[in-house]
Amino acid sequence: MPSPINEDRPLVMGILNVTPDSFSDGGEWFETERAIMRAQEMIAEGADIVDVGGESTRPGAAPVPADEELRRVVPVVEALAGQVRVSVDTTKETVAAAAVEAGASLINDVSATLWPVAARFGVGWVAMHRKGTPATMQRDPHYDDVVSEVTALLVDRADRAAAAGVAEVWIDPGIGFGKTVDHNLLLLGSLGGLVATGYPVMVGTSRKGFLGALARSADGSVTPVGDRLPASLATATWAMEQGAQMVRVHDVAATVQAAVLVGRPGSPAGPGSHRPATARSTEHSSRSEVGA
Ligand code: HH2
């Protein structure tokens, strides 16, 4: 059974990288059996959605051929589809389509181009902003106005998706994707503007490099990836308080606790305010409701 909608708090998407080279958990869940075991832990910890990815998007990551990505992702999606809502983290049409056929009901698309696939299959779609590709994106990224440029691109893509009939459209500023530390902070500081677009907002800061650079270890060195839970939790909580309706994280149990507190009755962002919004210019279809 897919997990039910939890209208009392923002949703927590658990990250499952079936890759040898992801920046945080690369190699840990690379074998199908281990990936499924990790997903089951995240489900037990309260994950609303498990996001299965077979290609790292970290800066400098090598592209993965479609057949290899399919081999990594599809058996895991198939095994999980009856147990939890599954999303597929891919930029390839063939992989997105195969994952949906295997039971995924959300396409998490860091290229913000795959809405036609979501429309074809009647599933949800996440449009994430990025500038460049993993190979180039952290080489001196430049914006005249990062907040308005990111917002404009996301709204443009989301409107196109809605016009094509995608009923569940999420927007995500793409923290760390072609952004400096300052760009990331400006975007996190302006989430209210994205929320005001009417599209539900998703944010992923978990364990990312800017956290290691900002929240340094006691000796002044960059905090190692495995020690970034406090900063990850602080930024996820910030995002949820600003109205993000979903956060994408490695540390599910801790983030679910934060989500429950953010969504507590009486909170400005309390129960009801986290119900995923209908894409602005279209009606929901029941298939595409979150939790469907
Ligand atoms: N971040 C990563 C991957 N996919 N998808 C969305 N929507 N938003 C994000 O911020 C986002 C994402 C990068 O994190 P991770 O999956 O942990 O690492 P890797 O790309 O190295 O596998």
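Our subject is the structure listed above.
Below is a short write-up of the structure. For every chain, the first residue of its written sequence is number 1, and the numbers climb from 1 along that sequence. Only residues with pLDDT of 70 or above have their local features reported here, since the model is predicted, and side-chain atom pairs are shown and tallied only from 80 upward, although totals for entire chains, interfaces and linings are computed over all residues. Only heavy atoms go into the side-chain values, all of them from the structure, while hydrogens and water stay out.

Along a regular strand, successive side chains alternate from one face of the sheet to the other. For strand β5 (residues 124-128), the tally of buried residues reaches 5 of 5 residues, placing the bulk of the element in the interior. Two strands pair when backbone bridges link them, and strand β4 (residues 106-109) and β5 are joined in this way by 4 bridges, in the parallel orientation. Bridge pairing in β5 places Asp-109 opposite Ala-127. When the strands point away from the viewer, a crossover counts as right-handed if the route from the first strand across the helix to the second turns clockwise. Runs of H or I in DSSP of at least four residues are treated as helices and runs of E of at least two as strands, each being numbered from the N terminus. Read as a crossover between parallel neighbours, the route from β4 over helix α4 (residues 115-121) to β5 is right-handed. In this description, strands pair whenever DSSP reports at least two bridges between them. Pairing between β5 and strand β6 (residues 169-172): 4 bridges, direction parallel. Across the sheet, residue Trp-125 finds its bridge partner in β6, namely Val-169. You can see the chain leave β5, run along helix α5 (residues 146-163) and come back into β6, and the turn it takes is right-handed. When a residue's accessible area, from a 1.4 Å probe over protein chains only, is under 20% of the maximum for its type it is buried; when over 50% it is exposed; and in between it is partly exposed.

For each residue, the test is whether any non-hydrogen atom lies within 4 Å of the molecule or strand; if one does, the residue is near. Not every one of the 19 residues close to the ligand is listed here, only the nearest: Ser-22, Ser-56, Thr-57, Asp-172 and Lys-208. Pairs of N or O atoms are called polar contacts if they sit within 3.5 Å, as long as, within protein, a hydrogen donor faces a hydrogen acceptor (for residues adjacent in sequence, only side-chain-to-side-chain pairs). Gly-204 is positioned such that a nitrogen or oxygen atom in its backbone is 3.4 Å from an oxygen atom of the ligand. Summarising the interface, the protein chains cover 98% of the accessible area of the ligand, which totals 480 Å² for the free molecule. Mapped onto the shell around the ligand, the elements with two or more residues apiece are β1 (11-17) and β5. Here the term charged refers only to Asp, Glu, Lys and Arg, the term nonpolar to Ala, Val, Leu, Ile, Met, Phe, Trp, Tyr, Cys and Pro, and the term polar to all other amino acids, Gly among them. In terms of residue class, the shell around the ligand is built from 7 nonpolar, 7 polar and 5 charged. Accessible surface is estimated by sampling points in the Shrake-Rupley manner with a 1.4 Å probe; for residues, cover comes only from the protein chains shown.

This part takes up the side chain of His-250. Take His-250: it is sitting in the loop between β8 (246-249) and α10 (252-262). Residue class for His-250 comes out buried when judged on its relative accessible area of 5%. A polar contact is formed between the side chain of His-250 and the side chain of Ser-206, at a distance of 2.7 Å.

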